Amino acid sequence: MNFFKDLFKFVYSKIFLIQVVIAVAMIAILSYVALQWLESTTNHHQRIVVPSLSKKTLDEVEKTLGEKDLRYEVQDSANFNPDYPRYSVIEQNPRAGSEVKENRKVYVTLNPSGYRKIEVPNVVLQTRRQAEPKLIALGFEIGTISYIPNMSDQVLELRHKGKKIKPGAMLMKTSTIDLVVGDGGGVKLNLSN
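Residues numbered from 1 in each chain as written. Predicted model: local features only at pLDDT ≥ 70, side-chain atom pairs only at ≥ 80, totals over all residues. Heavy atoms only, no water.

Draft legend 1. The environment of N122, seen in detail. Examined against the element boundaries, N122 turns out to sit in the loop between β6 (117-119) and α4 (128-138). Judged by its relative accessible area of 52%, N122 falls in the exposed class. Separated by 13 residues in sequence, N122 and L135 have C-alpha atoms that sit 9.6 Å apart. (Helix = DSSP H or I, 4+ residues; strand = E, 2+ residues; numbered from the N terminus. Buried < 20%, exposed > 50% of the residue type's maximum accessible area, 1.4 Å probe, protein only.)

Below, the structure written as structure tokens:
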């Protein structure tokens, strides 16, 4: 019981109360100094507006971002966009108008030099109704359809720019493929006997 009585006296003594006040003041001062230091070193309130890099070349991107204390990194580009110049920026992250801190990296995606080459599927001896959707799904365009006398209504030949092409040939996406199809007007046998 004597222990608790002595402890109670110590907690309410002037020495203990002075030490508590000094400790609280030191914590407050250290916290304030630490927050001010963090704010100044992290540029907490300093923001840079990311400029639009759309349709700019890498040289222009480097110059534009260098003036704003920003860096860039090129990401792979998968799809050619004919609305943008070749080797120009088609996408950026963060987007134009976003606010970032200095020395932030802006990721840019470049427009490749052209469409990638795609293998022509084997649609020979398939009906036109089967062949056209396959070619269109891969990104090819259907050109002229020529009919030649034949018993079937199947695709007999594929042509590109007037030349016969074989299945497996590599053509640029969006290339036009002409189809030579049988007219289905051949001799039909009557097997009803």
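Now that the structure has been shown, the text picks up again.
Draft legend 2. Region of interest: the packing of aromatic side chains. All chains considered together, the criterion is met by zero aromatic pairs. The ring of Y84 carries the charged tip of K55 above its face, separated from the ring centre by 5.3 Å. (Phe/Tyr/Trp six-rings, centres within 6.5 Å; stacked < 30°, edge-to-face > 60°. Lys NZ or Arg CZ within 6 Å of the ring centre and 35° of its normal.)

Draft legend 3. Layout of the environment of R116. With respect to the helices and strands, the residue R116 is situated in the loop between β5 (105-110) and β6. In this structure the C-alpha to C-alpha distance between R116 and S152, which are 36 residues apart in sequence, comes to 34 Å.

Draft legend 4. Structural context of the pairing of β5. With five bridges connecting them, strand β2 (residues 71-75) and β5 associate as parallel partners. By the bridge assignment, Y72 is partnered in β5 with V106. Pairing geometry for strand β3 (residues 89-93) and β5, over four bridges, is antiparallel. Opposite E91, over in β5, you have T109 as the bridge partner. (Pairing = 2+ DSSP bridges.)

Draft legend 5. Region of the structure containing the nonpolar core. V120, F140, L158, I177 and L179 are the most contacted members of the largest nonpolar core, which totals 13 residues. Mapped by element, the contributors of at least two residues to this core are α4, β8 (155-160) and β11 (176-182). With three residues, the top contributor of residues to this core is β11. Not counting residues within four places of it along the chain, the set of residues in contact with V120 comprises F140, L158, I165, K166, P167, G168, A169, L171 and I177. Counting eleven residues, the second largest nonpolar core, distinct from the first, contains L53, V89, V108 and L110. (Core = buried A, V, L, I, M, F, W, Y, C linked by side-chain atoms within 4.5 Å. Contact = heavy atoms within 4.5 Å.)

Draft legend 6. Region of interest: the sheet that holds strand β7 (residues 141-148). Spatially, the four strands line up as an open sheet ordered β7-β11-β8-β9, and their pairing is mixed. The two strands at the open ends of the sheet, each matched to only one other strand, are β7 and β9 (163-165). If you compare each strand with its neighbour and ignore which way they point, the axes differ by 35° on average. Note that β8 and β9 share three bridges and pair antiparallel. Its bridge partner being in β9, H160 is matched across the sheet by K163. Contacting β7, β8 and β11, α4 crosses the sheet at an angle of about 160° to β7. (Axes fitted to C-alpha atoms, helices over the stretch in contact; angles between N-to-C directions.)

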